[in-house]
Structures are given as C-alpha cells and as structure tokens.
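In case you want the letters, here they are:
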Amino acid sequence: MPEPRATPTPAGEHAAPVGAALSGVDPTDPGAVWRALGAAGIIEALYPDGVQPDPRRLSALLTELDAGCPLGVTLSVCVQVATVLPLLAGATGPAERARRGMLRGETVVALAVTDAAGSGSDLLDATTRVKLGDDGAVLDGGKDWITNATSCDAALVLARHREARHFTSFCWVLAPADAPGVTVGSAGRAFAGSGVGHLRFAGVALPPDAVLGRPGRALAGFARQVGVERVAGALWARAMCHRMLAGLRDWLRRRPAGAGTLWDRPAVRERYARCLVATHQLDALCAPLLDAPAAVPSAVTGMLLKVSAAETVDRVAAEAVRLRGADAFRDGGEAQLRTEAAMFGIAGGATGAMLAGIADHADELAGAVT
Amino acid sequence: MNTEFTELLRPFLKFAGPEEITEDARLRDLGLDSMREIELLFAIEETFGVAVPDDKLVDSTFATAGGLWGVVEELRTPVGGGSR
Ligand SMILES: Cc1cc2nc3c(=O)[nH]c(=O)nc-3n(C[C@H](O)[C@H](O)[C@H](O)COP(=O)(O)OP(=O)(O)OC[C@H]3O[C@@H](n4cnc5c(N)ncnc54)[C@H](O)[C@@H]3O)c2cc1C
C-alpha cells in the first residue's frame, strides 16, 4: 500500500506556475485572479486535448486558489474551467470568440442552468425559453443563483426550445450580458468574490449564431459536463480539508491546556483523527481520477464524488469549528468557511438528488466485489 | 430486438425485474426517468457505435423499447445494406 500523503498529490510541478501567476495579485479580486491566470497561460494549459481539463493540472489550480483566495473567488474560476470552457469547445462565431477570450483571462462567461421557475434538481421543469427563428433567437426567462452573474461578459444559458418535458427539449444560447433585455440582481453578501446573482431575460434578441451546438443535445451535454464539475468540486474539497486539518493541527499543538496543549488530549486527537480518516477516504476516491487522461467520470462516479466531497467538507469544517472554540469565529475563520462550504452539498447537484440518483445504480454498486 | 439491446436496457428500467422486455413496453412505465434516459442515450451510442441524429432526438424516440430499437437498428444499417 502506498504511504498516505500529508498533502494532496499533485502539488509541485503544476502548482508552482499557478503560484507564480498569482504572486502580487489581489486574491479577493476575481477579475484580477482570472486575468492573471489567463495571462500566464495557466487556463489554456489546463486542456491538453483542447476540450477537457487535465485532472492533475485542475487539482493543482484549485489547491493553489483554495490556499490563497476566498471561497467565492475559487468558485468563480472553478465553474468556468470545469464546465463553461469545455461546453464552448468546438463552437464557432461569438461562442468561439468568448472561449478564446476566456483562455486569455479577458472574458468571463457564466453558466446559467438553474432556472428561476423550478427546482435546480429537476431541470425539466425549467421555463426559460428560446424561440428559434431564421433570423435569430429570442430568449425569455430567468436563472437564479448563477456564479459570475454580476461580473460576466456573457452567460451560457440552458433554454427550452420545445415544450415536451424531456431532456431533448433544451439548447444552449450565449447571451451577452449587455444585450437589451438582460438584467442582473445580486444574490446577497454570501460567497464574496463569486459574483453570484440572478439573471433575467426579457425578449432578448440574439443572432442565429448565439445558439450553440445541436439543439436537443444541450441537457445531455450538460449532464456529462457536470460530472467534470463534480470531479473539480471533489479535488477542491480535499484541498480545503487538508488545509483546514493542517491549520487545526498546528493550532491545537500551540493551544495551552493544563500542563501541555490541546493536542496532548486523547479525546481531541481522536476527533481530529476521524477527520483524517474521512479526508483520506475522499483522497482515495479522487486518486484514480487524477491518473485519468481527462476528468470525465461516469454519471454515478460523479454523484458518489459529489456526496462524498460535501459530507467530508461538512464533517471537517464542523469539527474544526468545535475544536477551535471561539477562535473559529475570527474574520475568515472556520465558522464562516463552514457556512459557505455548505455549498458543496448544493451547487452543481444537491445531496438529496445525488442520493436518489445513486440509489438508481444500486445493482451495479452493491454487486459483486471485484 | 436483439439481446444485447434488451440487456443494455434492463438496468435503466427499475420496475422491469427479470421479465421479458417486449417491443411495446413503455419505457416510462418500466421506470426510465429523464436523467437516466440521458445515460441510456450515451450507453446506446457507445455500445452500438452510433450517433442519434437531431431529428431523432425527440421524446417519442424514447417512448417504447421497440421504437428505440428501431432507431438504433436504422442507424446501424449501412445505406443500401442489411443489418450488421
Ligand atoms: C454558491 C452557489 C453557486 C451556484 N452557481 C450556479 C451556477 O453557476 N450555475 C447554475 O446554473 N446554478 C448554480 N447554482 C445553483 C445550484 O446548482 C442549485 O442550487 C442546485 O442545483 C440545487 O437546486 P435548488 O437550490 O433549486 O434546490 P432543490 O433542487 O430545490 O433542492 C432542495 C432540497 O431538496 C432535496 N432534493 C431535491 N431533489 C431530490 C430528490 N430527487 N430526492 C431527495 N431529495 C431531493 C435537495 O437535496 C435539497 O435538500 C449555485 C448555487 C449556489 C449555492
């Protein structure tokens, strides 16, 4: 059995250029971080096959961002590199121009899937509609809780072009943020740096080339790509857990208690050790993905990763808050991180919906041990 | 319908059990939901080496086992030739 590692595997080779690119950049400014990553060629280098991110580079990027930036800023980068850029690959016209701008860090594109009208877990209820015609398309509807909504140049919008409640009824539309009829509202103060907000589209007239890919394939394409977002989320979650655990260990070792420190107390060490176990279970789930040529998991692997990442972050963050006591409530401390990190169990797939999907795979998952 | 197809279909149909899957079996009634329908589309394309064209990407394609098999078989058949 290989020796367990103290930090996530990929560091070194791919992490150093990210660190160099971000040196001197304000880590709380998502635009500055994105531009710096683009200018240094980090974003382009993520895609050796031109479409999907290389898992080790993705892991290094998210680990470095997690170490230095607020959660919201990492989220802003994560959605774009794991989901938007691959979905735009192979496009032509304005989408291709947007993609090139994104690779240089000059353009920000939001992913607008979760509909204002329905549950994010059942996209078939979405009512955002696009009317397709010979001279263009008209977009109407709304999308809620969209990362980068308040800062984007354009939004990649999942819109219904047919009425049937079926996965083939959707297509992708690229809507410029400054097009007449597009408005954006803030989603509040949580997730600073993520630009999360609500988008509204009222009779937005778009040229024919604003419609991307093959109509009818959009939801299927998204279902596949969201698996990559789940891989990214798991890689990010483990980086966050390792970071919290390293900080917690150092703090416990310094914290006076009786004749020694809190670290000397068996009860404290046991609670800490349980977090190590959970984090190493997540590491083990991620390990085979890091060796894959591209970060595209099967649907069920994506769901397993999503639930595992959410539960591990929640467990580690909760214990970090309990073990640190009042110190957890310092500015930017574990208490605040725990609140925002609850998004690992919601954004890109809520845990309840993931569990429902996993149960559908019971035969294959509960089957013979190989 | 060939056996490879019905066996590929079975894990997606949570209410099918071990019963025979007939051509007129309605996939929704046998428990196929929309998100699993997407997985089924990918599985079919991968297993049979076909790409379902835009005009067949509609809800009616996925209505019955026989209807879906008909589309797969048509895509597998080289123009002017018989079934492979
Ligand atoms: C910080 C943040 C950033 C986000 N960024 C984006 C973005 O960039 N783009 C985008 O499109 N969306 C984004 N979202 C939206 C996100 O994807 C949705 O919130 C998510 O899909 C869940 O949908 P919902 O919030 O409507 O919850 P619901 O789907 O309404 O779920 C509510 C509850 O019901 C449970 N539930 C749902 N279905 C089932 C089921 N079948 N069985 C059992 N329980 C179930 C869920 O687990 C949850 O507890 C973001 C959300 C957050 C919080």
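Throughout this description, residue numbers start from 1 for each chain and increase along the sequence as written. Written order determines the labels here, with chains lettered from A and ligands numbered from 1. Given that this is a predicted model, residues contribute local features only at a pLDDT of at least 70 and side-chain atom pairs are listed and counted only at 80 or more, while totals for whole chains, interfaces and linings are drawn from all residues. To get the side-chain values, all heavy atoms of the structure are used, and hydrogens and water are removed first.

### Some details on the site of the ligand
Residues and elements named next belong to chain A.
Then step 1. The nearness test applies per residue and asks whether one of its heavy atoms lies within 4 Å of the molecule or strand. The ligand sits among 19 residues. The nearest are Leu111, Thr114, Ser119, Gly120 and Ser121.
Then step 2. Side-chain atoms alone can form a polar contact between residues adjacent in sequence; in general such a contact is a pair of N or O atoms within 3.5 Å, and within protein one must be able to donate a hydrogen while the other accepts it. One nitrogen or oxygen atom from the main chain of Val113 is found 2.9 Å from an oxygen atom belonging to the ligand.
Then step 3. Within the backbone of Gly120, a nitrogen or oxygen atom sits 2.7 Å from an oxygen atom of the ligand.
Then step 4. Secondary structure is summarised from DSSP: a helix means a run of H or I of at least four residues, a strand means a run of E of at least two, and numbering begins at the N terminus for each. Elements with a contribution of two residues or more to the shell around the ligand: strand 1 (109-112), strand 3 (136-146) and helix 11 (351-359).
Then step 5. Ranked by residues supplied to the shell around the ligand, first place goes to helix 11 with three residues.

### Regarding unusual backbone geometry
Residues and elements named next belong to chain A.
Then step 1. Residues other than glycine seldom take positive phi values, yet Trp145 does so here, at roughly 55°.
Then step 2. Note that Trp145 resides in strand 3.
Then step 3. With a phi close to 70°, Asn148 is a non-glycine residue in the positive phi region.
Then step 4. If you trace the backbone, Asn148 turns up in the loop between strand 3 and strand 4 (154-160).
Then step 5. To sort residues, take the accessible area from a 1.4 Å probe on protein chains only and compare it with the maximum for the residue type: under 20% means buried, over 50% means exposed, and anything in between is partly exposed. Overall, Asn148 belongs to the buried group, its relative accessible area being 1%.

### A closer look at the domain arrangement of chain A
Residue and element names in this part refer to chain A.
Then step 1. Split by domain assignment, chain A resolves into domain 1 (12-103), domain 2 (109-215) and domain 3 (220-362).
Then step 2. Domain start and stop positions are those given by an automatic or database domain assignment. Taken over C-alpha atoms, the centre of domain 1 sits 22 Å from the centre of domain 2.
Then step 3. Whether two residues are in contact is decided by their heavy atoms, any of which lying within 4.5 Å being enough. Contacts between the two partners involve 19 residues from domain 1, matched on the other side by 14 residues from domain 2.
Then step 4. Buried surface area refers to the total accessible area, computed with a probe of radius 1.4 Å, that the two partners give up upon joining, counted for both partners together. In total, about 1300 Å² of surface goes out of reach between domain 1 and domain 2, with carbon and sulfur atoms giving 75% of it.
Then step 5. Summed over the three residues of domain 1 that lose the most area to domain 2, namely Val84, Leu87 and Pro94, the buried surface amounts to 30% of that side.
Then step 6. What makes a salt bridge here is a side-chain nitrogen of Lys or Arg within 4 Å of a carboxyl oxygen of Asp or Glu, nothing more. Summed over the shared surface of domain 1 and domain 2, the number is zero salt bridges.
Then step 7. At the boundary of domain 1 with domain 2, the tally comes to two residue pairs in polar contact (both at pLDDT 80 or more).
Then step 8. Elements with a contribution of two residues or more to the side of domain 1 that touches domain 2: helix 5 (71-88) and helix 6 (93-103).
Then step 9. Here the element with the most residues in the side of domain 1 that touches domain 2 is helix 5; it accounts for eleven residues.
Then step 10. In this classification, Asp, Glu, Lys and Arg are treated as charged, Ala, Val, Leu, Ile, Met, Phe, Trp, Tyr, Cys and Pro as nonpolar, and every other residue, Gly included, as polar. Considering only residue class, the side of domain 1 that touches domain 2 consists of 14 nonpolar, five polar and no charged.

### Concerning the interface of chain B and chain A
Then step 1. With 21 residues of chain B in contact, the opposing surface of chain A contributes 17 residues.
Then step 2. Buried surface at the junction of chain B and chain A, summed over both partners, amounts to about 1700 Å²; 57% is from carbon and sulfur atoms.
Then step 3. For the chain B face of the interface with chain A, the top three residues by lost area are B:Ile38, B:Phe42 and B:Leu57, together amounting to 30%.
Then step 4. The tally of links from chain B across to chain A stands at three salt bridges.
Then step 5. A salt bridge links A:Arg217 to B:Glu45; its shortest N-O distance comes to 2.5 Å.

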